[in-house]
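# Overview (structure and organization)
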Amino acid sequence: MDSIKVQIKGDSLLVRLATAFAQQCSSNIHVDAHANRTEVEWQNTSLTRTATIARLMAHVASMYGTSPFETAQVDHWIDFSQQHLNAKITKTSLNDALICLEEQLKRRNWFLDNTSKPSMADVAIFAAIRENQLKIDTAQFPSVVRWVSVFQAIPVVENTLKALPAKPSKTAPKEKGKDQGKFFDLEGASEGNVVTRFPPEASGYLHIGHAKAAMLNYVSKLPLAIMFTFGKLIMRFDDTNPAKENAEFEKVILEDLELLNVKYDIFSHTSDHFDRMSDMMEKMIQEGKAFVDMTSAEELKEQRLACKPSPYRDQSVDENLRLWEEMKKGSEIGVKCFVRAKIDYKNTNGALRDPTLYRCKNEPHIRTGTKYKVYPTYDFACPIVDSIEGVTHALRTTEYHDRDEQYAWICKALNIREPKIMDFSRLNMVYTVMSKRQLTKFVEAGLVDGWSDPRFPTVRGILRRGMTVEGLSSFILAMGSSRTSSQMEWDKIWATNKKVIDPVAPRYTALDSQNIVHVTVKNFSGKDVRSVPLHPKNPDVGTKEVVLANQIVIEQEDAQVINVKDKITLMDWGNAIVDRVEKNGLLVTAMTVTINEQDKDFSNTLKLTWLPADEIEQSIPVTAFEYLPLITIPFIPKGEPIEPYLRDKSKYEIALMGTTALANLKQGDIIQLNRKGFFVCDQEHHPLLQRPVHLIYIPDGHAKTFIAHKDATAQIAATAEEKADVELQLKLQKAKIVEMKKKKAEKADIRTAESTLKKLQDQLDSMHVATLNSSETTLKLTSQSTKANQETSLPLSTPAPDGSSAAAILQEIYAQGDRVRQLKKETKDKSAIKPEIDKLLALKAQYEKLTGHPTPPPGGESNKSKASTKKENPTESEEKLATHLRKDEKLNVVHKERPVSGSRIDSSNGKEVRQLKEGGQDFKSALEILLKLKADYVNLTGEAPPSGGRGSSKSKKSESKKKAFTSEQSTETEIAKSKPHADKPKISKSSVSSSGKQQTKPSGKGKAESATSIKGQTRLGIEAKKTENFPEWYSQVITKAKLIEYYDVSGCYVLLPHAYFVWEQIQGFFNLRIQALGVSNCYFPMFVTMDRLQKEKDHIDDFAPEVAWVTRAGDSDLEQPIAIRPTSETIMYPAYAKHVQSYRDLPIKLNQWSNVVRWEFKQPTPFLRSREFLWQEGHTAFATQEEAEKEVYQILDLYRQIYEDLLAVPMIPGTKTEKEKFAGGVFTTTVEGFIPATGRGIQGATSHHLGQNFSKMFEISFQDPKNPEQECFAYQNSWGITTRTIGVMIMVHSDDKGLVLPPRVARLQVVVIPTGLSSKLSDTDRDTLLKKAQEVADVLAGHNIRSYADVDLHVSPPWKYNHYELQGIPVRIEIGPRDLQSNSAVAVLRDTGAKETVSLDGISKTIQATLDNMHGRLFTKAKEERDAHIKETETWEEVTPSLNEKNLLVMPFCGDKKCEEDIKRDSESKNPHDPTAPAMGAKSLCVPFMQPKKKCSKCIYPSCTIRPVKWTLFGRSY
């Protein structure tokens, strides 16, 4: 018998058992049980299917029966095992299959009748049951259970099962609360025999990517990950490059591994094997498998790219050996040489194009000195040393995947054992430079403090910044060994770290040392020392001593939000009532409070940190630091320099004074400063050296909460004029970028311009116009770009005529007002009070005469606000006062520079600009002057400039409604500044103050809502607002809701399952309806020749700039370029011409679902404008025009139904104008949508009537049945809809919480979440609750409602709420312990946020009604928004203002192409020098089928004399 070679990968139990039985009968079977694939080679034939291999072994082992009937039975059971006993079948199908097996085995020992031994039928059935871990009920299937136990007791079966590779245990205990990702199975691994290696190059510190590699190699030999008894980890330094090796780096790397708790078993260097590798290299040269090359580096690069051979490739072995000896000597000739493998210089895999294996470096090695002059490359050394050192599994990142074949080739060429290669994804972090080469440059240039700088991704850097080893390990293990590459957010790793440090970090207090206020506790005397917990929830952390005193200090910032009679909480002490607040102008100078320790109600109170006043002198000086990323964008584009993207400032610091307990901190200690965040001690306190404690702020995955991320980031003092100048530069730069993109400038130039724009925006954000410090008549500007205690004072500007400034008069008014109020309290004698009132009124009159404005109320409180007892935030009051002073003082300067009439800017500048514009002249210089004056006015007055008699209140309202997303490019978008939250019944408990500190705010009507960001806001949610920054909002929604992943080819995107499911629903909906119309689905090739594409010139001209061409195949140029379809008319219609010979062959109705490539040059936008997109295109041909036209409108109505009945998006059906119709068509019908957030129309889908244009071109003809002599041409239609539908749905419905999905297209319609899973809940009650949640989901699923029960206990219910809201799940059902008692649940609706209590009885019917109602609400809301923005006009002057108000316009239009171009041109700015020009003019969207009742009178365009045809819908569009 011929030899049979068997290779088995992994389990493959059927092949293993079949082979084991066959080996008992034949010695010619050779088995490799740990191969990379399952395959049998026999008689020059390769077999790969397991069933086929089993049949071959059945012949060898005589297990195929003794008659044709028995052979057929064996075949039947083998097929049965493959089809009916796999893990994917349903429970019902499995039960049916087991019933069949039970019937067969009731009266038989084996599956074949009357046999005394098993056949291959038994082997196949057993293997299927065992491999798929099918559970068999002993009571129901006793015969099957009996047969399984007998079969597995056969010695050959028992031995085979014992020899199976170990698998990860599915019941291995997991540590509670720890997430762990999926790990790959190590192929061919067995217990105790796993050897991995970690081979870093000692050319820098370990970074987080190396940490992942080290940990994966480490856990791959540990029981928790792969369930092997301990294997071995080799720590090997790759020291093949003497120039990069560094002893210091080796030492640091070993220390870092110790920090990470990675314990290696064997330590080595690649250089340990230099002698052996040199011998192997020489052997390869002797065998002709390698050659010595002397090509220059540039020539070598060109040869490899062109797939050309080296001229040295075929030189003789003797010559190669001679040059090899020269290399070993390091001679003058030798240093020019290098050894290359002779593999395949033409291979499509660049790693196999004769790679370099050895090079000559005449420099000393750190370990071997000058012994060697030749050194192997890493690619050559790695497989050799892996094989020599016994590595079984080489784990490495996917970036080496292309080199896997090279690795295997070297092992085979040297005839050495080949270790298994396992790939895992490289760890890429956003806003992070991971290249060691670039990190080295930063260190050498002094941009950072060294390799352990907290901004570095090195292990030392992130540990110094407060990352814990446990947190880092948890993050890496949670990722597992996935091969999927992605850009990881730092927020996730810091959030993971917070889970580690939050339960154990002790709490301390530190205050801003430059801004403190003394507070007297009037009902407390002396001192008292109290012991309080260091952690409120963890007594094991220990206690600290708190000194209670009559005099304490708090921060000025806290004091300014406190009012008399407020209840406050002094942390670690108790509640207190505020009795008195003393102020000097706006600054609080002192306070008096009454402590009430009996009051334990701490809800809705302002929580204050404080220190005893006596401890100020003994307080511990603290310098707190915060670090930002070194670069300003998520990742540097490949091949681009890093310098333009470096952040100007990434390190911030502030001086604090801390409680005396901070003196005991040791370096590396992690603490929490109350209401400031987590910190790690970077420098210990040293009293003798007067060295302060250095604390580094630890990010926690939430929104920005410390000094670097205030609303006014790193603010720098500036005058209003300076700020206005930067604003103008910013505006002009935006206009420049828009113009560059229109003219299709070089990408590099555009990026440079955008970088300049970013710097201008940063500069503007950092500028701060001074606010008043009332203790002096100066404006103090705090610059956070220097230390916190540095202040710059600017004198208040122009004094009043009597020598006193407006500020001084204002202070007198406030002081006099206090005197009047005091007198009113003390006496009722009006005669005594009147002189003081007269003095007050005189001062107010003096102020008003000087400034032209009424006196601002002290603290910014108006009479109205006092009457309503609503207290305004003092910081806002301060800003209002400063605004009045800027008006008062600086308007005088403006008055001196140029005369102002009343309160208006001189109209001559505006008139000059208008005259230049009307004359078509360059008015840029005049416009700059005007804009600068307007900017000055805004900064001085806080108001928009008056209209000067030209504007109207309507135009002002229009201007105020403008949002960021008004231009065609996202580059033009101005990031909207943060706005105060809307008033709510309860005020958010915490916010971020102007210094970046977290403040706890009381609730109730008596307190004002903070205008700053809410504590607890994480980067997991949507950060941008739909109404403020639409492009960023849209980008975040589609990525964070898991719809899209960006791809490395610009304009191409990955559609993730949630998005593709929507497309599948559209496919199913549309297929069902077009099939009812007689349309069949088909598929045509995506390639089309140039000749065919250009056959219809008018048609292709419209697509020509966007056509992608294939010009090469491998290394050969194609004779003629081949286009990738932009559309399929020219591909399909030649086939139509072949098919149609008679009128009986018509109609032809075909549709295909395919992809299309159009190489857009405009800004790509996922779903809306991409270079490759999915679509459906229907192409039909009819004998008569009537049939064809009827179908056009039928299909268009189906498109309307897709949008309205599936996606809940209202559409306007109509006909395209001549200018906008499909190229080569007779007419085009369309459904048009509207995006309220941007005020733009968007084309939803089109249905075209092509007439006979294409049939004549492609000769789709037939004989006239009535006149055979006459040739007739078919009437054709084409129609299509794309994945743009998904983008329209997102933009119309989604909100600031994330995606909102219409229920009918949601992949998941309902999510069931168990709540109330506290530690107090018993295990029994918890299990009952989880079971009930699953039951509800199953009931809903049984009624065709797509539902899922999220019973994961590793994340909290609030986290799940956010997660599913972000993904747009229509209904969330919450079930808690109390709900179980009442047999009910709470349904939360995604579109409104409303909560409804629903009974669990008949819940499926209730939820279905809820989903239907939700669809109706979404549609109604969208329709009302659209209708509110459709304006009917016959006046040309109303067109542009209405467009600017985000409206669509229904206007009378003649239909002329030239007139349409004039409308579009003249509804935008005439002059290209105008930087404020809108992005585009009015474009025709459609002629609506539903026309207004009013008849058209005259075309909207003023100079047009053509009578209008129809009312036409115009607007800005996508």
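Residues numbered from 1 in each chain as written. Predicted model: local features only at pLDDT ≥ 70, side-chain atom pairs only at ≥ 80, totals over all residues. Heavy atoms only, no water.

### Some points on the pairing of strand β18 (residues 516-521)
Heads up, the rule is: Burial classes: relative accessible area under 20% of the type maximum marks a residue as buried, over 50% as exposed, and values in between as partly exposed (1.4 Å probe, protein chains only). For helices the rule is a DSSP run of H or I covering at least 4 residues; for strands it is a run of E covering at least 2, with both sets numbered from the N terminus onward. Any two strands with at least two DSSP-identified bridges between them are counted as paired.
The alternating pattern of β18 places V517, V519 and V521 on a buried face, while none of I516, H518 and T520, on the opposite face, is buried. Direction of pairing for β18 relative to strand β21 (residues 551-555): antiparallel, over a ladder of five bridges. Counted as the bridge partner of V519 is I552 from β21. The pairing of β18 with strand β24 (residues 587-596) spans four bridges and is parallel. Its bridge partner lying in β24, H518 is registered against A590.

### Description of the environment of L1321
Put simply, the rule is: In what follows, residue pairs with any heavy atoms lying within 4.5 Å of each other are defined as contacts.
With respect to the helices and strands, L1321 occurs in the loop between β53 (1310-1314) and α38 (1323-1342). Given the relative accessible area of 17%, L1321 is considered buried. Taking the C-alpha atoms as reference points, L1321 and P1377, 56 residues apart in sequence, are found 8.7 Å from one another. Beyond its immediate sequence surroundings of up to four residues, L1321 is in contact with G1316, R1326, L1329 and P1377.

### Structural notes on a nonpolar patch on the surface
Quick reminder of the rule: Exposure above 30% relative accessible area and the absence of a salt bridge qualify a residue for a patch, where like charges join within 9 Å and nonpolar side chains (Val, Leu, Ile, Met, Phe, Trp, Tyr) within 5 Å. Computed by Shrake-Rupley with a 1.4 Å probe, the accessible areas treat only the displayed protein chains as cover when residues are assessed. The salt bridge criterion pairs a side-chain nitrogen of Lys or Arg with a carboxyl oxygen of Asp or Glu, the two atoms within 4 Å.
Among the surface-exposed residues, Y1047, V1049 and W1159 lie close enough to one another that they form a single nonpolar patch of about 270 Å² accessible area. With respect to the helices and strands, Y1047 occurs in the loop between β39 (1044-1046) and β40 (1053-1055). Judged by relative accessible area, Y1047 falls into the partly exposed class, the value being 48%.

### A short note on the sheet that holds strand β1 (residues 4-7)
So the rule is basically this: Every angle, taken between N-to-C directions, lies between 0 and 180 degrees, and every axis is a line fitted to C-alpha atoms, over only the stretch in contact when it is a helix.
Pairing is mixed in the open sheet, where four strands are placed in the order β2-β1-β3-β4. The strands lining the two open edges of the sheet, one partner per strand, are β2 (29-32) and β4 (45-47). Going across the sheet, the axis of each strand differs from the next one's by a mean of 15°, ignoring polarity. Bridge count for β1 against β2 is four bridges, and the pairing is parallel.

### Remarks on the state of the cysteines
To keep things clear, this is the line we draw: By definition, disulfides here are pairs of cysteine sulfur atoms that lie within 2.5 Å.
The tally for this structure, following the rule as stated, stands at zero disulfides. You can see C1499 has no disulfide; the closest cysteine sulfur is in C1459, sitting 3.7 Å from it.

### A few points about the nonpolar core
Spelled out, the test is: Take the buried Ala, Val, Leu, Ile, Met, Phe, Trp, Tyr and Cys residues and link them wherever side-chain atoms come within 4.5 Å; each set so joined is a nonpolar core.
Counting 56 residues, the largest nonpolar core has M57, L85, L101, M120, I125, W147 and V157 as its most contacted members. Looking at this core, the elements that each hand over two or more residues are β1, α1 (13-23), α2 (50-60), α3 (68-84), α4 (91-105), α5 (120-131), α6 (142-152) and α7 (155-162). Looking at which element gives the most residues to this core, the answer is α5, with nine residues. Setting aside residues up to four positions removed in sequence, V157 forms contacts with L17, F21, F126, F151 and Q152. Counting 52 residues, the second largest nonpolar core, distinct from the first, contains A1024, F1069, V1079 and V1288.

### Overview of helix α15 (residues 404-414)
α15 sits mainly inside the fold: eight of its eleven residues count as buried. Of the surrounding elements, those touching the buried residues of α15 are α11 (274-286), β10 (356-360), α14 (378-388), β12 (393-397) and β13 (420-424). Looking at the residues trailing α15, positive phi occurs at N415, about 55°.

### Quick look at the packing of aromatic side chains
Where we set the bar: Only Phe, Tyr and Trp rings are paired, with Trp represented by its six-membered ring, and only when their centres lie within 6.5 Å; those with planes under 30 degrees apart are stacked, over 60 edge-to-face, the remainder tilted.
Scanning the model with the defined rule gives 37 aromatic pairs in all. Where F126 meets W147, the ring centres are 6.5 Å apart and the plane angle is 70°; that geometry is what we call edge-to-face. With F126 in helix α5 and W147 in helix α6, this residue pair connects regions lying 21 residues apart in the sequence. Overall, F126 belongs to the buried group, its relative accessible area being 2%. Taking the relative accessible area as the measure of exposure, W147 reaches 0% and is therefore buried.

### Considerations on the packing of α11 against α14
Helices that pack against each other are described as a pair by the angle of their axes relative to one another and the distance between those axes. The criterion, for reference: Should the near helix be turned anticlockwise from the far one by less than a right angle, the crossing is left-handed, and should it be turned clockwise, the crossing is right-handed. All residues other than Ala, Val, Leu, Ile, Met, Phe, Trp, Tyr, Cys, Pro, Asp, Glu, Lys and Arg, Gly among them, are scored as polar; the first ten of these are nonpolar and the last four charged.
Where α11 meets α14, the axes come as close as 11 Å, and the angle between the chain directions of the two elements is 115°. Our pair here, α11 against α14, has a crossing hand that is right-handed. Along its contact with α11, which presents R276, M277, M280, M281 and M284, the element α14 presents F380, A381, I384, V385 and I388. Here the contact of α11 with α14 is composed, by residue class, of nine nonpolar, no polar and one charged.

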